Amino acid sequence: MDNKTVFLFSPTLHDALRPGVRCSMPKLKRSVLSTLPVLSWLPRYSVRDNGLGDLISGISVGIMHLPQGMAYALLASVPPVFGLYTSFYPVLVYCILGTSRHISIGTFAVISIMIGSVTERLAPDSDFTFLNGTNGTGVLDVTARDAYRVQIAASTTVLSGLFQVLLGMVRFGFVVTYLSEPLVRGYTTGAATHVVISQLKYIFGIHPARFSGPLSQVYVNICRHLPETNIGTLVVSLVALVVLIVVKELNSCYEKKLPLPIPIELIVVSPPYLTALCSPSLPDVSLWGTVVGDAFAVAIVGYAINISLGKTFGLKHGYKVDSNQELVALGLSNTVGGFFQCYSVTSSMSRSLIQESTGGRTQVAGVVSSVIVLITVLQLGSLFGELPKAVLSCIVFVNLKGMFKQYLDIPALWKSNTVDLLVWLVTLVCTILLNLDLGLAASIAFSLLTVIFRTQLPRYSILGQVPGTELYLDTDTYEEAKEIPGITIFRSSTTVYYTNAELYLDALQKKVVCVVCLCIQAKPQFTPEQSNIQSLCQSKVNWAYEQQWTGLDLGSETGSHGDDAITQTSSTVGEETRGRSSDTHTIILDLSTASFVDTVTVIMLNNIFRDYREIDIDIYLAGCQVCVVEQLSRASFFSESIPKSRLFTTVHDAVLHSLQVHPLP
């Protein structure tokens with residue numbers, strides 16, 4: 001088989017940029033439709049097919065928005081009515097710009113608690129407490145405190161939204177790939193623990209002091225105030241918990257028979273007041289320097305939760321969810337919502353499941369749910385200042401059921417992947433002990449370290465051919481795979497780069513050196529300037545001789561024992577070859593797993609070609625991707641001593657070429 005050399009030509013900068021700057025009507029139309037997805041699905045919307053399902057789904061989700069919005073506002077440390085605003089404005093924006101048809105955008109426990117950590121840190125109660133001149137007692141100015149906390153939440157939300165929009169515009173949607181599913185689930189489980197601890201004060205009716213920074217979530221402070229428990233508040237909380245759990249279980253058991261879920265959460269908090277929507281206002285940009293880290297963390301976590309849910313429903317129902325457009329849609333939802341004093345939003349698992357199970361098929365369901373929230377805000381809600389916070393906390397507790405079910409991931413990961421289990425557990429512990437921001441950073445760092453360690457400890461294998469096929473498999477794993485006499489095929493399970501290049505070389509020498517040693521022993525006396533391979537083999541042979549001579553009687557029978565030792569040494573080296581022939585003439589490096597090569601890898605490959613050439617063994621590269629070949633060419637790897645004729649598309653091509661050069665006897 002002839003080995004054909006493939007020449008690769010890199011496009012010029014002008015050729016690379018020309019398709020991106022060229023404008024045409026079809027391209028303009030695609031750009032508009034991708035930026036405003038509503039223009040692609042709304043003109044084709046079928047009221048007959050989708051109208052009833054979207055209407056019922058929107059009403060169901062809207063009913064859930066009301067109590068969850070008010071309850072999660074407590075987590076964000078803002079008045080409950082702002083939770084309703086957050087369930088209205090951002091939802092409308094997402095319906096226009098979003099590409100997922102089934103997720104429900106709005107308040108979410110994890111994002112709410114992240115916003116709440118910022119608002120309480122920058123606006124603690126102590127900054128708004130003053131002494132009463134009459135009796136000398138401390139008085140908390142709740143109105144001023146809440147107003148400043150709303151301002152902080154809105155500013156953080158706008159900045160978070162801008163981060164998401166900018167990342168989406170530069171096509172940075174892949175950033176969420178660094179947040180693996182075990183990391184996200186461990187993080188949300190840890191955040192749920194934060195939520196529970198933050199709401200215990202409302203359940204027991206106590207007023208513990210707030211701690212900030214690492215190790216802030218300690219139970220000692222709460223336990224110290226337990227003797228101060230308000231019995232009436234505790235009784236109300238327990239009754240509300242029992243009612244909520246019982247009715248929600250009934251909804252789950254009879255979901256197919258009930259036209260709509262029983263709105264028990266709405267029943268227990270409905271207030272008889274009137275109010276109006278708030279007017280837009282500019283965020284306080286002077287706060288951005290203080291909250292920039294928190295805003296970025298909120299942006300990444302919110303997007304990770306949103307895209308994971310969106311892609312799940314997209315795969316289930318057979319439509320594409322654009323990750324970059326989702327980043328822009330979520331960012332504009334947060335940015336626009338921040339101007340209307342909303343706080344950060346993302347998709348909710350519980351509401352999304354209700355939206356799907358009740359027949360929702362398009363984003364119209366989100367519009368219907370927004371109308372439900374709007375009617376409630378205008379007709380049934382006002383200051384919401386007299387709402388029982390204990391009941392709202394119970395609503396939060398009940399809605400965390402799904403997150404606490406994620407503890408079942410532990411036995412599942414224990415059976416499937418211990419590394420993912422370790423990531424899950426470390427993320428949970430870091431999130432609980434180091435707070436949400438530091439916990440996220442530490443978890444991502446640990447997750448990346450596991451990737452680095454796994455690339456540093458890959459599986460190295462010798463490949464053999466499955467008779468009658470072009471398949472080459474690991475001979476240790478597959479008994480059917482047989483090595484070809486005179487040819488050794490070596491493969492690493494991961495990309496070779498600077499962190500594992502030395503390990504790759506060591507593994508190659510250990511896997512192949514025994515065969516090479518036998519070849520070297522057949523050669524004349526070594527020259528003074530031995531190659532690395534020769535030196536390694538010579539040291540191995542010397543070691544074997546020493547092992548065999550140790551403890552022998554060096555008397556009159558030295559000669560016979562020496563001959564026996566030499567025989568045993570040859571046997572020892574031969575056993576390590578695992579039956580491979582001593583007349584190895586070709587080593588094929590299977591680089592099909594490599595996605596790139598760096599400078600260290602190029603130097604290592606050069607050394608391999610040089611060292612094995614000195615002992616008359618041919619080296620071939622097989623399975624290289626186009627990008628790898630381009631990088632090798634740019635690094636001036638190919639030369640007269642290493643021509644491109646040593647490069648093959650597949651391992652089988654390299655084997656056929658080797659057999660032409662060195663025919664089997």
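Here is what the cut-offs are and how they apply
- Residues numbered from 1 in each chain as written.
- Predicted model: local features only at pLDDT ≥ 70, side-chain atom pairs only at ≥ 80, totals over all residues.
- Heavy atoms only, no water.
- Axes fitted to C-alpha atoms, helices over the stretch in contact; angles between N-to-C directions.
- Helix = DSSP H or I, 4+ residues; strand = E, 2+ residues; numbered from the N terminus.
- Parallel < 35°, antiparallel > 145°, perpendicular 65-115°, else oblique.
- Left-handed = near helix turned anticlockwise from the far one by under 90°.
- Contact = heavy atoms within 4.5 Å.
- Nonpolar A, V, L, I, M, F, W, Y, C, P; charged D, E, K, R; others polar.
- Core = buried A, V, L, I, M, F, W, Y, C linked by side-chain atoms within 4.5 Å.
- Buried < 20%, exposed > 50% of the residue type's maximum accessible area, 1.4 Å probe, protein only.
- Disulfide = S-S within 2.5 Å.
- Pairing = 2+ DSSP bridges.

With their axes 7 Å apart at the nearest point, helix α8 (residues 142–169) and helix α14 (residues 323–339) run at an angle of 155° to one another. With respect to α14, the element α8 is oriented roughly antiparallel. Here α8 and α14 pass one another in a crossing that is left-handed. Along its contact with α8, which presents Ala154, Thr157, Val158, Gly161, Leu162, Gln164, Val165, Leu167, Gly168 and Met169, the element α14 presents Asn324, Leu327, Val328, Leu330, Gly331, Leu332, Asn334, Thr335, Gly338 and Phe339. Here the contact of α8 with α14 is built from residues that sort into eleven nonpolar, nine polar and no charged.

As a further point, take the nonpolar core. Ranked by size, the top nonpolar core spans 81 residues in total, and within it Val78, Tyr85, Val110, Met114, Val301 and Tyr343 carry the most contacts. Looking at this core element by element, the count peaks at ten residues for helix α13 (residues 288–317). Membership of the second largest hydrophobic core comes to 32 residues, among which are Ala501, Leu591, Phe637 and Phe638.

If you walk through the whole model with that rule in mind, you get zero disulfides. There is no disulfide at cysteine 627, and the cysteine sulfur nearest it, in cysteine 624, is 9.5 Å away.

This paragraph deals with the sheet that holds strand β5 (residues 460–465). Strand order in this open sheet of six strands is β6-β5-β7-β8-β9-β10, and the pairing throughout is mixed. The sheet is open, and its two edges are formed by β6 (472–474) and β10 (647–648), each paired on a single side. Relative to strand β8 (residues 586–590), strand β7 (residues 487–492) is paired through five bridges, and the arrangement is parallel. Directly across from threonine 488, in β8, lies its bridge partner isoleucine 587. Contacting β8 and β9 (618–622), helix α24 (residues 599–613) crosses the sheet at an angle of about 150° to β9. Most of the contacts of helix α26 (residues 651–661) go to β9, to which it runs at about 155°, and overall it touches β5, β6, β7, β8, β9 and β10.

This part is about the side chain of serine 160. Relative to the elements of secondary structure, serine 160 occurs in helix α8. A relative accessible area of 0% places serine 160 in the buried class. Setting aside anything within four residues of it in sequence, one finds serine 160 in contact with Ala295, Val298, Ala299 and Ser344.

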